[in-house]
Amino acid sequence: MAEVETGAPEEYKKFSSYALPVDPDQDDKAKEIKLCNFSRPHMRAFHCSWWGFFCAFFIWFSIAPLLSEIRDSLGLTKGEIWTSSIVGVGGTIFMRFALGPACDKWGARIPMAALLCAASIPTACTGFVNSATGLAIIRLFIGTAGGTFVMCQYWTSRMFCREVVGTANALVGGWGNLGGGVTQLVMGSALFPLFKVIYDGDAEKAWRTVCVIPAVVGFGTGIMIYFISDDAPKGNYKELKQHGVMAEVSAAASFRSGACNLNTWFMFIQYACCFGVELTMNNAAALYFKDEFDQTTESAAAIASIFGWMNLFARGLGGYLSDKGNSFAGMRGRLWAQTICLAAEGALVLVFANTGTLGAAIAVMVFFSLFVQAAEGTSYGIVPYIDPPSTGSIAGIVGAGGNTGAVCFGLGFRQLEYKAAFMIMGSCIMASSALSLVIFIKGHAGLICGKDEVEPPKEQTLAVPTPDTEKADEVNAEE
């Protein structure tokens, strides 16, 4: 595609034409998603978004299927292993809070590239761990990779128009989360056995060196994303601001506006009870199946990977259900989709906790995983409506809820037996579904009362509000 070399500043565009049809009234955002297309800027950003998040999961949970081997090599206790897992997901909380406003100000490309490169360095240093403290510290820094979720969701929101942005967000989020399942399989059932063969059966040497692979993949991906993609349909934020096409955004004002909205925090809790559960299962599943059902490290990792593989379609399914609910009942339909998914998820966790055979446990886990990830999809069908000018900040805050949930549930698994921890987790999830009753978004119906000010569209797959630029100016003016 040819770059535009001349023209008035207000008409500046990096590209003179696009491979996808765009809506000029929505800042040249794409009106379609073509999965087999890799052209700049729209589909290149789409694929960089999910692949970057996928690689972040590959980095983030590369240690998880190896924890039983690390525990045996270093003589660690269950409590020490779970402390490292809690720290690993807790380290992302601050990053997600910070990266939302960062995206509003600088776009998604640069923070995504920088974070992937930075998190790859401690991942490569995993082999130097010799104590429980060292394991916790290294996982704290590796865990920052989870902050890429904010860029993942923001980037596609910036590239695709309201008719398809929900589908785009669900797809990149789900395919990125798929990295959790793939990591269990690749690291625990493929690379670890391969490295054991290389080291003549020495399991300790194998786990100390195998994490170099995800580190190289993550670092290389960060470099690639920086050079081959764009911040927005019309170009990169720096150039857009220089040409006067884009106004400067106050990150602090954006964060304050999002944080002062109570709906943000209700969604924070609900996301803690879906994505937080997924993160907990990424840490717990392999250990659970090895300890409770006497599986080998390799087979336990393979079984645990099933949970993550459901992301291939389940999160997208949640987004689709949210969109269908919107077409029938507006925001009330989205809230009902959210409530049903969370309630079903919590009920299945309680069933999983009381399942005593391997086959039944795997079967229940499949459906349990389906509703976990569907609830993640329905969550981000609601987030863009809360306060459109502060969408980046709200996405970051709600995303941080997932990691906060993982920390809380991880503490339960650290202190309690598996069954008790699962029972508490399931009960919390079911309770969180009731929070939909108190979510009231301005201009939209609640779960059981109120009405939408604007009748929901009948023919669209998704309707996400366009940010009100005047309101955005007001938000900036508050600072």
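Before any of the text, the structure's been laid out above.
Residues numbered from 1 in each chain as written. Predicted model: local features only at pLDDT ≥ 70, side-chain atom pairs only at ≥ 80, totals over all residues. Heavy atoms only, no water.

**Q** Residue-level account of the nonpolar core, with values.
**A** Formed by 130 residues in total, the largest nonpolar core has its most connected members in Phe160, Met281, Phe289, Phe352, Phe368, Phe422 and Met425. Counting residues per element, this core draws most heavily on helix 17 (residues 358-386), at 12 residues. Not counting the four nearest positions on each side in its chain, Phe160 is found in contact with Leu20, Lys29, Ala30, Glu32, Ile33, His42, Met43, Phe46, Val165 and Ala168. (Core = buried A, V, L, I, M, F, W, Y, C linked by side-chain atoms within 4.5 Å. Buried < 20%, exposed > 50% of the residue type's maximum accessible area, 1.4 Å probe, protein only. Helix = DSSP H or I, 4+ residues; strand = E, 2+ residues; numbered from the N terminus. Contact = heavy atoms within 4.5 Å.)

**Q** So what's going on with the packing of aromatic side chains? Which residues, and what values?
**A** On inspection of all chains with the given rule, the structure shows 35 aromatic pairs. Both rings, one in Phe53 and one in Phe149, keep their centres 5.5 Å apart while their planes meet at 50°; by these two values the pair is tilted. Here Phe53, found in helix 1 (residues 42-60), pairs with Phe149, found in helix 6 (residues 148-159); they are 96 residues apart in sequence, far enough to count as distant. Taking the relative accessible area as the measure of exposure, Phe53 reaches 0% and is therefore buried. Considering the side-chain rings of Phe97 and Trp265, the 6.3 Å spacing of their centres and the 35° angle between planes classify their relative orientation as tilted. One end of the pair, Phe97, is in helix 3 (residues 78-106); the other, Trp265, is in helix 12 (residues 262-272), and 168 residues separate them in sequence. (Phe/Tyr/Trp six-rings, centres within 6.5 Å; stacked < 30°, edge-to-face > 60°.)

**Q** Hey, could you go over the environment of Thr148 for me, with residue numbers and the actual values?
**A** Of note, Thr148 is situated in helix 6. For Thr148, a relative accessible area of 0% corresponds to the buried category. In this structure the C-alpha to C-alpha distance between Thr148 and Leu116, which are 32 residues apart in sequence, comes to 7.8 Å. Once you skip the residues sitting within four places of it in the chain, Thr148 turns out to touch Phe53, Ala56, Met112, Leu115 and Leu116. A polar contact of 2.8 Å, which involves the side chain of Thr148, links it to the backbone oxygen of Ala145. (Polar contact = N/O pair within 3.5 Å; in protein donor to acceptor, adjacent residues only side chain to side chain.)

**Q** Quick rundown of helix 2 (residues 67-74)? Include the residues and the values.
**A** With six of eight residues buried, helix 2 lies mostly within the body of the structure. Buried within helix 2 we find Leu67, Ser68, Glu69, Ile70, Arg71 and Leu74. Of the surrounding elements, those touching the buried residues of helix 2 are helix 3, helix 5 (132-142), helix 7 (165-198), helix 8 (203-210), helix 13 (275-293) and helix 14 (297-309). Looking one or two residues beyond helix 2, the residue adopting positive phi is Gly75, at roughly 65°.

**Q** Outline a nonpolar patch on the surface, supporting the account with residue identities and numerical values.
**A** On the surface, Ile110, Ile121, Phe219, Ile223, Tyr226 and Phe227 cluster together into a nonpolar patch covering about 580 Å² of accessible area. Mapped by element, the contributors of at least two residues to the nonpolar patch are helix 4 (109-124) and helix 9 (212-228). Sorting elements by how many residues they give to the nonpolar patch places helix 9 first, with four residues. Within the element layout of this structure, Tyr226 appears in helix 9. (Patch = residues over 30% accessible without salt bridge, like charges linked within 9 Å, V, L, I, M, F, W, Y side chains within 5 Å. Areas by Shrake-Rupley, 256 points an atom, 1.4 Å probe, with all protein chains shown as cover. Salt bridge = Lys/Arg side-chain N within 4 Å of Asp/Glu carboxyl O.)

**Q** Explain the pattern of salt bridges to me, using residue names and the numbers behind them.
**A** Inspection of the entire model under this criterion finds 12 salt bridges. Between Arg158 and Asp27 there is a salt bridge, and its shortest N-O distance comes to 3.0 Å. One end of the pair, Arg158, is in helix 6; the other, Asp27, is in the loop between strand 1 (22-23) and strand 2 (29-30), and 131 residues separate them in sequence. Note that Glu376 is salt-bridged to Arg315, the shortest N-O span being 3.2 Å. With Glu376 in helix 17 and Arg315 in helix 15 (residues 314-329), this residue pair connects regions lying 61 residues apart in the sequence. Looking at Glu376, the relative accessible area reads 0%, which means it is buried. For Arg315, a relative accessible area of 1% puts it in the buried group. Several salt bridges share partner residues, and in doing so they unite Lys14, Arg40 and Asp230 into one network.

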